[in-house]
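Summary of structural features
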Amino acid sequence: MSKDSTRRREALVYHAKPQPGKIKIVPTKKYATQRDLALAYSPGVAEPCLEIAKDKSNAYKYTTKGNLVAVISNGTAVLGLGDIGPEASKPVMEGKGLLFKIFADIDGMDIELDTKDVDKFIETVKTIAPTFGGINLEDIKAPEAFEIERRLKEELDIPVMHDDQHGTAIISAAALLNALEIAEKKIDEVRIVISGAGAAAVSCTRLYKAFGAKAENIVMLDSKGVIRSDRDNLSSEKAEFATDRKIDTLEEAMQDADVFIGLSIADIVTPEMLNAMAVDPIVFAMANPDPEIAYDLAIKTREDIIMATGRSDHPNQVNNVLGFPFIFRGALDVRATKINEEMKMAAVRALAELAKEMVPEQVNIAYGETKLTFGREYIIPKPFDPRLIATVPPAVAKAAIESGVAKEPIEDWERYEEQLLQRLGNDNKLLRLLHSRAKTNPKRIVFPEADHLDVLKAAQIVFDEGIGIPILLGRKDVILELKQELEFDADLTIIDTKTDDHNEKKKQYAKQYWELRKRKGVTLYEAEKKMRERNYYAAMMVNEGDADCLISGYSRSYPTVVRPMLELIGKANNVSKVAAVNLMMTERGPMFLADTSINIEPSANDLANIAQMTASAVKLFGLEPVIAMLSYSNFGSSEHPVARKVNEAVRMLHEEHPEIIVDGDIQTDFALNQELHQSKFPFSKLAGRKVNTLIFPSLASANITYKLIKELNKSESIGPIMLGMNKPVHVIQLGASVEEMVNMAAVAVVDAQERGKRKKKA
Ligand SMILES: NC(=O)C1=CN([C@@H]2O[C@H](COP(=O)(O)OP(=O)(O)OC[C@H]3O[C@@H](n4cnc5c(N)ncnc54)[C@H](OP(=O)(O)O)[C@@H]3O)[C@@H](O)[C@H]2O)C=CC1
Ligand SMILES: CC(=O)C(=O)O
Ligand SMILES: [Mg+2]
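Calculation criteria
Residues numbered from 1 in each chain as written. Chains lettered and ligands numbered in written order. Predicted model: local features only at pLDDT ≥ 70, side-chain atom pairs only at ≥ 80, totals over all residues. Heavy atoms only, no water. Helix = DSSP H or I, 4+ residues; strand = E, 2+ residues; numbered from the N terminus. Rg over C-alpha atoms; globule rule 2.2 N^0.38 Å. Buried < 20%, exposed > 50% of the residue type's maximum accessible area, 1.4 Å probe, protein only. Contact = heavy atoms within 4.5 Å. Areas by Shrake-Rupley, 256 points an atom, 1.4 Å probe, with all protein chains shown as cover. Lys, Arg positive; Asp, Glu negative; His and termini not counted. Charge placed at Lys NZ, Arg CZ, Asp CG, Glu CD. Near = heavy atom within 4 Å. Polar contact = N/O pair within 3.5 Å; in protein donor to acceptor, adjacent residues only side chain to side chain. Nonpolar A, V, L, I, M, F, W, Y, C, P; charged D, E, K, R; others polar. Domains from an automatic or database assignment. Expected span 1.5 Å × (residues − 1). Axes fitted to C-alpha atoms, helices over the stretch in contact; angles between N-to-C directions. Parallel < 35°, antiparallel > 145°, perpendicular 65-115°, else oblique. Left-handed = near helix turned anticlockwise from the far one by under 90°. Salt bridge = Lys/Arg side-chain N within 4 Å of Asp/Glu carboxyl O. Donors = N, O, S within 2.8 Å, 3.2 Å for Na, K, Ca; no water. Pairing = 2+ DSSP bridges.

**Overview of the overall build of the chain**
The number of helices and strands found in the chain is 31 helices and 21 strands. Taken over C-alpha atoms, the radius of gyration comes to 30 Å for the chain, in line with the 27 Å a tight globule of 762 residues would show. Dimensions of the chain along its principal axes, counting C-alpha atoms only, are 95 × 65 × 45 Å. Each of the 762 residues in the chain was classed as buried or not, and the buried ones make up 54%. The long-range share in the chain, meaning contacts at least 24 apart out of those at least 6 apart in sequence, stands at 70%. Surface summary for the chain: the accessible area is close to 35000 Å², and the carbon and sulfur share equals 52%. One way to put it: in the chain the 99 positive side-chain charges average out to a point 5 Å from where the 112 negative ones average out.

Listed below in C-alpha cells is the structure:
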C-alpha cells in the first residue's frame, strides 16, 4: 500500500475510533451525591443565575464563559480544500478545539453554521456570543470573512479573531522577521510576492506593511493572476495591494523576488520560478495540506533557500497553531474586549525572539533533533515548545493592558507565568516526546505474540509510525491472515518457532542456550525444545544481536514471560536485582511508581537500588526525578521495621548518591502536597519541589496503588518497565491495549538507543 493511502486510512481510523470525533465534554464539579446534584442543578443553580442577572460579568465567575472559545466556520474556505460545506469543516474545527486544549488549556467548542449569508452569519454569532469568552472565526472565505470579522469586532465586547487572517499573519510575520535577519535583508527593501488574495493573504500583507514592508515592493496574485491597478472590479481589499507594474503572471512576479508568501493552493510554484528569485530566497509555501511547492523539491532546487510550509513534517512549520491557543489565552486571562494591533505585534515579537533563545533539550528530543539552533531550518519556535505558554500569553496580556482593552489586568506576573505552566501539567506530552525520540532511530523489535490481533495491530502502528522495525513471531498462517485483514502489507520477518525446524538460527540458538545452561541440568535435546518456545527464541534473538529489543506478555502470565528473560539475558553487571517501574499519566502530571512487579519484600538496600534505577528511567523520559520514599510514617516517626527500612534506604541514598533528589520516609499525602510538605518538613530535600517518582516499601503497596490509579482515574499507563536488565527487553501486561503495547515498544526502542549511545561512549 502506498504511503498516501496508509496515511489516509490512518487518518480515518483516528477520527472514527474508539468513538467518533476528537473532543467530548466532561463535568468539572462533583456529582456523586444528591447534595451535589442539588447544587449543580435546581435548586442550588438558581443562586449563580441571580448573581449573573444582577451583573453580567459574574458569568466569568460562575460559569465556563471565561475559558470557552467558539470555533466558528461555515466551511467556505476549509484549509486549501475550498468550499466543502459546514459538515465537512467539522473535523478541522474539532481539531482546533483539541489544539486549544492541549496547548493552552482553553475549551474550544466547534460550531458549524449552514449559511453563506453575511448578515445571517453575523446575527447568529451575536446571538450565541453570551455563551463564550471569545470567538475564533475559521475557514470562511474572502471577501465575506473581512466583513464578518469587522462587524463582529465592532458589535461584541469579547475578543473576536479570524484566525486565518490574524493567526497566520502573526506567525508568518515572526518567521519573516527572523528569515530576513538570517538572509541579512531589510523588510523595507525586499521584493515580496504574495500568492493568494484571500483572508489569510490580505491580513498577512497588512501586518508585513505594519512592520515596514513597502507597498511598491509587493505583488499580489489571485486565481486570475497578478492584481494590477488597471484591473476591473477589484474588491477593496484587493485594490489595497494592486501593483502598477505591468506584469500578469506568477512567473514574471518571481523574477528577482526576495520573498514568496503562498496562501493560495498546492503546486503552483515551479523550480524555474525559484531559480529566478534573488539570492537567499525566502519561501513560505503555506497552503494546506499541500504547499505551493513541495518542501523537498524546493530544497533540492535552491541550496540557499529559507523554506517554510504549513506542515508539521518539515522544518519551519509556519502554521497558525503556534498562535491562536496562546493569543486567546492571553486575551482571556485579562478579559480583553478585543484582540488589537498592539496585542498582535506583541505576539509577533515574542515568537520571533523565542526562536533565538537556546532550545530546551526536551524540544530537541521531541523533534528528534540533536541541537535546534536559530538558523535557516529553525526560524520559528516549534509548537510543542513548552516555553510558548509562558512567553506568548503574557506578552499578549501585557499589550492588552497597555492598550487599554483589558478588563481584569494582571498584577503578579510571576504568579501568572507559574499558573500558565501548571496548565500544561496533565497533558500527555511525555508520550509524544517518547514517540518522537523513538522515531529518530528506529530499532528492530521482536513481538513474540504476533499471531494475536491486537499485538499485530500494535506492530503495525510501530512500523507505520517509524518507531521500530517489527520482527513477528508466531503461527505463520495466522499472522499472514491477520496481516491481510489489517491491510498490513509491510515486508517483515515472520518466524514460526514451533514448525520452522530448518531454521539454522534456531539450531544455533539451541546450542548457545545449551552452552549457557548445560551445567544447570539442561540437555541439548531440552535446549532444542526450548527454542520452540517463542519467548526463549525472542530472548535469544536479542542476546545474539539479531534483534535490538523485545516486548512480550500480552497472552502469557508475567512469570512465564519474565523467566526466559532472566535466564537468558539476566541483569546488567552493575545491578544487584532487577525491578520494574510504571509510568502513570495522572491529573497532576506524569508519576513513576516502583517496584510494581518484581521484588516482593525489598530490603533497605534493594529499595535504594530501585530508587537509583528508577531515577535513570525517569531521565530517559527527559524529566528530572524528584523521589519520595513512601511509608506510613514520616522521617523516622515509627520504629517498626518497615518504616526503619525505608529510612535506612534514604540514608544510603543520601550518602552514596547525594546528586539524586530523594527523601523520606514519608506518607503519600505529604509527598504529593507541596504546601503541606513545606510547612511540616522544611528540612526535607523534597520541600518546594514537585515529586514525580514514588518508591514503595513493598511490591504489594506499589502494585495495588498503580492498579487503583489506573482503574479509578482511567489513567494511561506505561509499564511495568523493566529496570536493570542486561538488554532492552520489556514485559507488557496480560491483555494490554494496543496503545499500551505501542508505548512499551517506544520505551524499548528508546532504551535500545540509549544503551547504544552508552556503548559508543565507552
Ligand atoms: N499555514 C497556515 O497557517 C495557514 C494557511 N492557510 C492556507 O492559505 C490558503 C488560503 O486560505 P484563505 O485565505 O483562508 O482562503 P480564501 O478562500 O479566503 O482565499 C484563497 C485565495 O487563493 C486564491 N487563489 C486560488 N487559486 C489561486 C492561484 N492559482 N494562484 C493564486 N491565487 C489563487 C484565491 O483567488 P480568488 O480571490 O481569485 O478566488 C483567493 O484569493 C489555504 O490553502 C489555506 O490552507 C490559511 C490560513 C493559515
Ligand atoms: C492552518 C489553517 O488554518 C488553514 O490552513 O486554513
Ligand atoms: Mg484555517
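**Let's talk about the site of ligand 1**
Around ligand 1 sit 28 residues, and of these Ala-197, Ala-200, Ser-223, Lys-238 and Asn-320 come closest. For ligand 1, an oxygen atom lies 3.0 Å from a polar atom in the backbone of Ala-199. In this structure, an oxygen atom belonging to ligand 1 sits 2.9 Å away from a main-chain N or O atom of Ala-200. Contact with the protein chains covers 83% of the free accessible surface of ligand 1, which is 910 Å². Elements represented by at least two residues in the shell around ligand 1 include exactly helix H8 (163-183), helix H9 (199-210) and strand E6 (218-222). The residue inventory of the shell around ligand 1, partitioned by class, reads 13 nonpolar, 11 polar and 4 charged. Taken domain by domain, the shell around ligand 1 gets at least three of its residues from each of domain 1 (25-158) and domain 2 (161-420).

**Looking at unusual backbone geometry**
Omega for the peptide link from Lys-17 to Pro-18 comes to -5 degrees, which places this bond in the cis form. In this fold, Pro-18 is placed in the loop between helix H1 (3-16) and helix H2 (34-40). Cis geometry is found at the peptide bond from Gly-664 to Asp-665, where omega equals -5 degrees. Mapped onto the elements, Asp-665 comes out in strand E18 (residues 661-666). Although it is not a glycine, Asp-267 adopts a positive phi angle of roughly 55 degrees.

**Thoughts on helix H20 (residues 453-464)**
Spanning 12 residues, H20 covers 16 Å between terminal C-alpha atoms, matching the ideal 16 Å at 1.5 Å per step. Within H20, the full set of buried residues consists of Val-455, Leu-456, Ala-458, Ala-459, Gln-460 and Val-462. In the stretch just after H20, Gly-466 is the one whose phi turns positive, near 80 degrees.

**Side note on the site of ligand 2**
Inspection of the region around ligand 2 gives Leu-79, Glu-138, Asp-139, Asp-164, Asn-288, Asn-319 and Asn-320 as its neighbouring residues. In this structure, an oxygen atom belonging to ligand 2 sits 2.9 Å away from a side-chain N or O atom of Glu-138. Within the side chain of Asn-288, one N or O atom sits 2.7 Å away from an oxygen atom of ligand 2. A total of 220 Å² of accessible area belongs to ligand 2 in isolation, and the protein chains cover 83% of it. If you count residues domain by domain, the shell around ligand 2 takes at least three from each of domain 1 (25-158) and domain 2 (161-420).

**Some remarks on the packing of H20 against helix H31 (residues 738-761)**
Where H20 contacts H31, the two axes come as close as 9 Å, and the packing angle between them is 50 degrees. In terms of orientation, H20 and H31 fall into the oblique class. H31 is crossed by H20, and the crossing has right-handed handedness. Contact residues: H20 offers Asp-454, Val-455, Lys-457, Ala-458, Ile-461 and Val-462, while H31 offers Val-738, Met-741, Val-742 and Ala-745.

**A few points about the environment of Glu-639**
When you line up the elements, Glu-639 lands in the loop between strand E17 (626-630) and helix H27 (641-656). Expressed as a C-alpha distance, the spacing of Glu-639 and Val-125, which sit 514 residues apart in the sequence, is 67 Å.

**Digging into the pattern of salt bridges**
Two side chains that carry opposite charge are able to pair once their charged atoms sit near each other. Under the counting rule described, the total for this entry stands at 52 salt bridges. Between Lys-90 and Glu-94 there is a salt bridge, with its nearest N and O atoms 3.5 Å apart. Placement of both Lys-90 and Glu-94 in helix H5 (residues 86-104) is noted, with a separation of 4 residues, approximately one turn of the helix. Salt-bridge contacts for Glu-648 lead to Arg-651; the nearest nitrogen and oxygen are separated by 2.7 Å. Separated by 3 residues within a single helix, Glu-648 and Arg-651 lie in helix H27, roughly one turn from each other. Shared partners join several salt bridges into a network, and the residues in it are Asp-119, Lys-126, Glu-147, Arg-151 and Glu-155.

**Considerations on the coordination of the magnesium ion (ligand 3)**
Taken together, the protein ligands of the magnesium ion (ligand 3) are Glu-138 (OE), Asp-139 (OD) and Asp-164 (OD), with distances of 2.0 to 2.1 Å. Each donor residue of the magnesium ion (ligand 3) lies on the same chain, and together they follow the pattern E-D-x24-D. Of this pair, Glu-138 sits in the loop between strand E3 (134-137) and helix H7 (144-155) while Asp-164 is found in helix H8, placing the two residues 26 residues apart along the sequence. What makes Asp-164 buried here is its relative accessible area of 15%.

**Some remarks on the sheet that holds E6**
Sheets are built from strands paired through backbone hydrogen bonds, the pairs being either parallel or antiparallel. The mixed open sheet is built from 6 strands, whose spatial order is E7-E6-E5-E8-E9-E10. Of all the strands in the sheet, the pair left with one neighbour each is strand E7 (225-226) and strand E10 (306-309). As defined by bridge partners, strand E5 (residues 192-195) adjoins strand E8 (residues 259-262) across 4 bridges and the pair is classed as parallel. Looking at the pairing, Ser-195 lines up with Gly-262 of E8. This element, H8, spans E8, strand E9 (282-285) and E10 of the sheet and lies at about 160 degrees to E9. Running over the sheet, H9 touches E5, E6 and E8 and is turned about 175 degrees from E6.

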